[in-house]
Amino acid sequence: FGDLDDGRFFLAMEYIEGPRLSDVLRDGPLPCERALGLVIQIAGGLRYAHKRGVVHRDLKPSNLLIRQKDDGSELIKVVDFGLVKLTENDQSITRAGLILGSPHCMAPEQVKGQPVDHRADIYAIGILLFRTLTGQYPFHGPNSAATMIAHLNQPVPSFFSVAPELVVPDGLEEAVRKCLDKDPTKRFDSMKEV
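In this section: the overall build of the protein. Looking only at helices and strands, one finds seven helices and six strands in the protein. For the protein, the succession of helices and strands along the chain, N to C, is β-β-α-α-β-β-β-β-α-α-α-α-α. Scored against the burial criterion, the 194 residues of the protein give a buried share of 42%. Summarising the internal contacts of the protein: among those between residues at least 6 apart in sequence, 65% fall at separations of at least 24.

See below:
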């Protein structure tokens, strides 16, 4: 970033050629191996951010860009850190009573307007896994308010109840459920653990 001699400012960013995860999911759920490969990369990126005191707070499929590498493998990039929270000395506007985030992917503590830390991103990883594997969000209502209330009050549906044909490795559904625990202290402690 900088400014030009004529007084104009500029910001140069990486160009990522490829679809958003939300575009890819319009065709339905992903095969388990592909979904896990992508979400593991997302968790790695967030682990890097968390180690530096940065919490994303708005992790959702439209904030994830997929680029196909020359060897045919996929590289996923976490973008739009517009609601980022710095964990030290943060005067978050959430404290002013505003709710920030996307209803389908918000952790219960975000819905309540409570302080948020890295565990909100862990919750969002659980949402992403659920969505990429089953083709549906675990919580969905007729409007944003109903969806947010569902995060607070409804139990996490089983994979079978949403996608009866889905077969996943042992322990994966339990890991997703742990990410989606309504109590942040009962989720995984870190992205490394995820």
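More follows now that the structure is in view.
A word on the side chain of His50. By secondary structure assignment, the location of His50 is in helix H2 (residues 32-51). The contacts of His50, once residues within four sequence positions are left out, are Val55, His118, Asp121 and Met191.

Here we take up the packing of H2 against helix H4 (residues 118-134). It is at 10 Å that the axes of H2 and H4 come closest, and there the two elements cross at 170°. If you check the angle between H2 and H4, you find them roughly antiparallel. Read as a crossing pair, H2 and H4 show a hand that is right-handed. Across from Cys32, Ala35, Leu36, Val39, Ile42, Ala43, Leu46 and His50 in H2, the residues of H4 making contact are His118, Asp121, Ile125, Leu128, Leu129, Thr132 and Leu133. A class-by-class count of the residues in the contact of H2 with H4 yields eleven nonpolar, three polar and one charged.

Our next topic: helix H5 (residues 144-153). Along H5, the positions that sit buried rather than exposed are Thr147, Met148, Ala150 and His151. Taken end-on, H5 shows its buried residues confined to a sector of 150°, consistent with a single buried face. Residues of H5 that are buried in the fold lie against helix H3 (108-111) and H4.

On the surface, a nonpolar cluster with roughly 480 Å² of combined accessible area is contributed by Phe1, Leu11 and Met13. Looking at where Phe1 falls in the secondary structure, it is placed in the segment before strand E1 (2-3). In this structure Phe1 comes out as exposed when scored by relative accessible area, which is 82%.

With that settled, the discussion passes to the nonpolar core. With 41 residues, the main nonpolar core has Leu21, Ile42, Leu59, Leu64 and Ile125 as its most contacted residues. Secondary-structure elements contributing two or more residues to this core are helix H1 (21-25), H2, strand E4 (64-68), strand E5 (74-78), H4, helix H6 (159-162) and helix H7 (172-179). If one sorts the elements of this core by residue count, H4 sits on top with ten residues. Non-local contacts of Leu21, meaning those with residues more than four positions away in its chain, are made with Leu30, Leu38, Pro61, Leu64, Ile66, Leu128 and Thr132.

Glancing now at the pattern of salt bridges. A complete count under the given rule lists seven salt bridges for this structure. Among the ionic pairs, Arg26 bridges to Asp23, the shortest N-O distance being 2.7 Å. Residue Asp23 is classed as partly exposed on the basis of its relative accessible area of 31%.

Time to look at the pairing of E5. Two strands pair when backbone bridges link them, and E4 and E5 are joined in this way by five bridges, in the antiparallel orientation. Residue pairing in the sheet places Gln68 in a bridge with Glu74 of E5. Taking the residues that link successive antiparallel strands as the turn, the E4-E5 hairpin has five residues, and the phi of Gly72 there is positive, at about 90°.

Since the α-helix packs 3.6 residues into each turn, any two residues three or four apart lie on the same face. With 17 residues, H4 should reach 24 Å at 1.5 Å per residue; the first-to-last C-alpha distance of 25 Å fits that figure. Among the 17 residues of H4, 15 are classified as buried, and the element is accordingly described as predominantly covered. Where H4 terminates, the next one or two residues include Gly135, which has phi positive at roughly 90°.

On the surface, Arg47, Lys51, Arg52 and Lys192 cluster together to form a positively charged patch. By the element assignment, Arg52 lies in the loop between H2 and strand E3 (54-55).

What counts and how
Residues numbered from 1 in each chain as written. Predicted model: local features only at pLDDT ≥ 70, side-chain atom pairs only at ≥ 80, totals over all residues. Heavy atoms only, no water. Helix = DSSP H or I, 4+ residues; strand = E, 2+ residues; numbered from the N terminus. Buried < 20%, exposed > 50% of the residue type's maximum accessible area, 1.4 Å probe, protein only. Contact = heavy atoms within 4.5 Å. Axes fitted to C-alpha atoms, helices over the stretch in contact; angles between N-to-C directions. Parallel < 35°, antiparallel > 145°, perpendicular 65-115°, else oblique. Left-handed = near helix turned anticlockwise from the far one by under 90°. Nonpolar A, V, L, I, M, F, W, Y, C, P; charged D, E, K, R; others polar. Arc of directions from axis to C-beta. Patch = residues over 30% accessible without salt bridge, like charges linked within 9 Å, V, L, I, M, F, W, Y side chains within 5 Å. Areas by Shrake-Rupley, 256 points an atom, 1.4 Å probe, with all protein chains shown as cover. Salt bridge = Lys/Arg side-chain N within 4 Å of Asp/Glu carboxyl O. Core = buried A, V, L, I, M, F, W, Y, C linked by side-chain atoms within 4.5 Å. Pairing = 2+ DSSP bridges. Expected span 1.5 Å × (residues − 1). Lys, Arg positive; Asp, Glu negative; His and termini not counted. Charge placed at Lys NZ, Arg CZ, Asp CG, Glu CD.

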